[in-house]
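Here is how the chains run, residue by residue.
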Amino acid sequence: MDSMGEFGEYVWFDGELVPFNEAKISVMTYSLHYGVGVFEGIRAYKTVDGRTAIFRLREHVERLFDSAKIYKLELPYTPEEVEKAIIDTVKASGFEECYIRPLVFLNIPKLGVRPPQRKASLAIGVLKMGRYMGEAYTKGAKVSTSAWRRIPPNSLPMNAKATGHYINSYLASVEAAQRGYDEALLLDIRGFVSEGPGQNIFIIKNGKAITPPLYASVLPGVTRETVKILLDRELGIDVFEDDISLGMLYSADEAFFTGTAAEITPIVEVDNIKIGSGTPGPVTRALQQLYEDVVRGKISKYRKWLTYI
Ligand code: PMP
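Residues numbered from 1 in each chain as written. Predicted model: local features only at pLDDT ≥ 70, side-chain atom pairs only at ≥ 80, totals over all residues. Heavy atoms only, no water.

Participant: Hey, could you run me through the nonpolar core in this one?
Facilitator: It is characteristic of soluble globular proteins that their nonpolar side chains tend to be buried jointly. Counting 30 residues, the largest nonpolar core has Ile-54, Leu-73, Ile-86, Ile-100, Val-104 and Leu-122 as its most contacted members. Going through the elements one at a time, strand E5 (42-46), helix H2 (57-70), helix H3 (79-93), strand E7 (98-105) and strand E8 (121-129) are the ones with two or more residues in this core. With five residues, H3 is the single largest residue contributor to this core. When near neighbours in sequence (up to four residues on either side) are disregarded, Leu-73 contacts Val-36, Gly-37, Val-38, Ala-68, Val-104, Leu-106, Arg-118 and Ala-120. Among the nonpolar cores identified, the runner-up in size contains 24 residues, and Ala-141, Leu-185, Ile-210 and Ala-262 belong to it. (Core = buried A, V, L, I, M, F, W, Y, C linked by side-chain atoms within 4.5 Å. Buried < 20%, exposed > 50% of the residue type's maximum accessible area, 1.4 Å probe, protein only. Helix = DSSP H or I, 4+ residues; strand = E, 2+ residues; numbered from the N terminus. Contact = heavy atoms within 4.5 Å.)

Okay, structure coming up:
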């Protein structure tokens, strides 16, 4: 987690681009105290022809609106307006590649759990980001199962990407770091594999891919969806959504995380048990290369996923 870099010079905040240091909120603002907010993490890549393109912008904005709807946050913009605001923010940054963070929150300087109204603010910031998990991208990550369970979907709507959900991710992530591992793995309330603090997970066993179903408290990842398509159509690997027990994970041939930030990160050890050979497997490696080619516009049929700016 050593690659979160410099912020862009401008932040888009409630309708206009403002200099980074002038985008300010009150310390008493509602969302800061109660964790009510929804957000996205999106990447823009420099493509083969030298232009910058945002990867799967429409799908991220759709999920942002779904998350806002679930949490009853009233966004005073259309999805098209939000897409344009994101494009404008990337353009203003001058970055060829960046990570984009739109945040929808209640910027109301009033306390009390029931907010007086739910009209939301939208802030969009950008930052430079390399490999989210550093050298684990090439070496593979060593992960440990968290003592904390992923929040059950009858307590919070885990298909929404909400700020408050990340206090569960925070606990797991800090615990893993203190234990000396690269990353945490969370189990769901039933004890089946759920996801990482900020990544979905897949296993490969006997030439088939399995990823946990949405009811296992997982975020419907945009990368998860992309990877399902690439495994099936490009690598000829059948993909199933099914419960994964810890035993199934320990005995998998390969395992990897997926996420906008994490991209495809191999998992080489879980709870000190080697996955497969204990090095990134052939399917994972092929998928990393394929994903890289897709996001950089090298494969024409997937350029439909790129929004050139
Ligand atoms: N699960 C969690 C908890 C996440 O934070 C993320 C990152 N947004 C993901 C999964 C992966 O989602 P995506 O592929 O859309 O980035």
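That shown, we press on.
Participant: Is there a simple way to explain the packing of aromatic side chains in this structure?
Facilitator: For any pair of aromatic rings, the description consists of the separation of the ring centres together with the inter-plane angle of the planes. Summed over the entire model, instances satisfying the criterion amount to nine aromatic pairs. Taking 5.3 Å as the distance between ring centres and 10 degrees as the angle between the ring planes, the aromatic pair formed by Phe-202 and Phe-256 counts as stacked. Here Phe-202, found in strand E12 (residues 200-205), pairs with Phe-256, found in strand E15 (residues 254-259); they are 54 residues apart in sequence, far enough to count as distant. The burial state of Phe-202 is the same as that of Phe-256; both residues are buried. In textbook terms, an aromatic cluster arises when at least three aromatic residues are bridged by ring pairs, as seen for Phe-55, Tyr-291, Tyr-302 and Trp-305. (Phe/Tyr/Trp six-rings, centres within 6.5 Å; stacked < 30°, edge-to-face > 60°.)

Participant: Even after reading the chapter, I still don't get the packing of helix H6 (residues 222-233) against helix H8 (residues 282-295), so can you show me in this structure?
Facilitator: In a packed pair of helices, the relevant descriptors are the angle between the two axes and the axis-to-axis distance. Where H6 contacts H8, the two axes come as close as 11 Å, and the packing angle between them is 110 degrees. By the angle class used here, H6 and H8 are roughly perpendicular. The handedness of the crossing between H6 and H8 is right-handed. Contacts between H6 and H8 involve Thr-223, Thr-226, Val-227, Leu-230 and Leu-231 on the former and, on the latter, Val-283, Leu-287, Leu-290, Tyr-291 and Val-294. Partitioned by chemical class, the residues of the contact of H6 with H8 number eight nonpolar, two polar and no charged. (Axes fitted to C-alpha atoms, helices over the stretch in contact; angles between N-to-C directions. Parallel < 35°, antiparallel > 145°, perpendicular 65-115°, else oblique. Left-handed = near helix turned anticlockwise from the far one by under 90°. Nonpolar A, V, L, I, M, F, W, Y, C, P; charged D, E, K, R; others polar.)

Participant: Just checking my understanding: could you explain the site of the ligand for this structure?
Facilitator: Contacts to the ligand come from 17 residues, most closely from Tyr-166, Glu-195, Val-222, Thr-223 and Thr-260. Take Tyr-166: an N or O atom from its side chain is 2.4 Å from an oxygen atom of the ligand. With respect to the ligand, the side chain of Glu-195 contributes an N or O atom lying 2.7 Å from a nitrogen atom. When isolated, the ligand has an accessible area of 390 Å², and the protein chains bury 96% of it. Those elements giving two or more residues to the shell around the ligand turn out to be H2, H6 and E15. (Near = heavy atom within 4 Å. Polar contact = N/O pair within 3.5 Å; in protein donor to acceptor, adjacent residues only side chain to side chain. Areas by Shrake-Rupley, 256 points an atom, 1.4 Å probe, with all protein chains shown as cover.)

Participant: Would you mind showing me how to read the pairing of E12 here?
Facilitator: It is a general feature of regular strands that their side chains alternate between the two faces of the sheet. A large share of E12 lies buried, amounting to five of its six residues. Relative to E15, E12 is paired through five bridges, and the arrangement is antiparallel. Each bridged residue has a counterpart across the sheet, and for Ile-204 the counterpart in E15 is Glu-254. In this structure, E12 lies alongside strand E13 (residues 208-211), joined through three bridges in antiparallel fashion. Bridging across to E13, Lys-205 finds its partner in Lys-208. (Pairing = 2+ DSSP bridges.)

Participant: Whenever I open this one, the packing of H2 against H3 confuses me. Can you help?
Facilitator: Their axes nearest at 10 Å, the elements H2 and H3 cross at an angle of 125 degrees. What the angle tells us is that H2 and H3 run oblique. In this structure, H2 crosses over H3, and the sense of that crossing is right-handed. Residue-level inspection shows Leu-57, Arg-58, Val-61, Leu-64 and Phe-65 of H2 in contact with H3, the latter providing Pro-79, Val-82, Glu-83, Ile-86 and Ile-87. Its residues assigned to classes, the contact of H2 with H3 comprises eight nonpolar, no polar and two charged.

Participant: So what exactly am I meant to see when it comes to the environment of Thr-260 here?
Facilitator: With respect to the helices, strands and loops of the structure, Thr-260 is situated in the loop between E15 and strand E16 (263-270). Given the relative accessible area of 14%, Thr-260 is considered buried. Sequence separation between Thr-260 and Phe-202 is 58 residues; the distance between their C-alpha atoms is 15 Å. Setting aside its immediate chain neighbours within four residues, Thr-260 contacts Gly-41, Ile-42, Arg-43, Tyr-45, His-60, Tyr-99 and Thr-223.

Participant: Is there a simple way to explain unusual backbone geometry in this structure?
Facilitator: With glycine set apart, most residues show a phi of negative sign, and most peptide bonds adopt trans. Located in the positive-phi region is Asn-206, a residue other than glycine, with phi close to 50 degrees. Mapped onto the fold, Asn-206 is located in the loop between E12 and E13. If you check the backbone angles, Glu-263 has positive phi at about 55 degrees while not being a glycine. With respect to the helices and strands, the residue Glu-263 is situated in strand E16. Residue class for Glu-263 comes out buried when judged on its relative accessible area of 3%.

Participant: Just checking my understanding: could you explain the side chain of Gln-199 for this structure?
Facilitator: Following the sequence through the fold, Gln-199 ends up in the loop between strand E11 (193-195) and E12. A polar atom in the side chain of Gln-199 sits 2.7 Å from the side chain of Glu-183. Residues contacting Gln-199, with those up to four places away along its chain left out, are Tyr-132, Met-133, Glu-183, Phe-257, Thr-258 and Ala-262.

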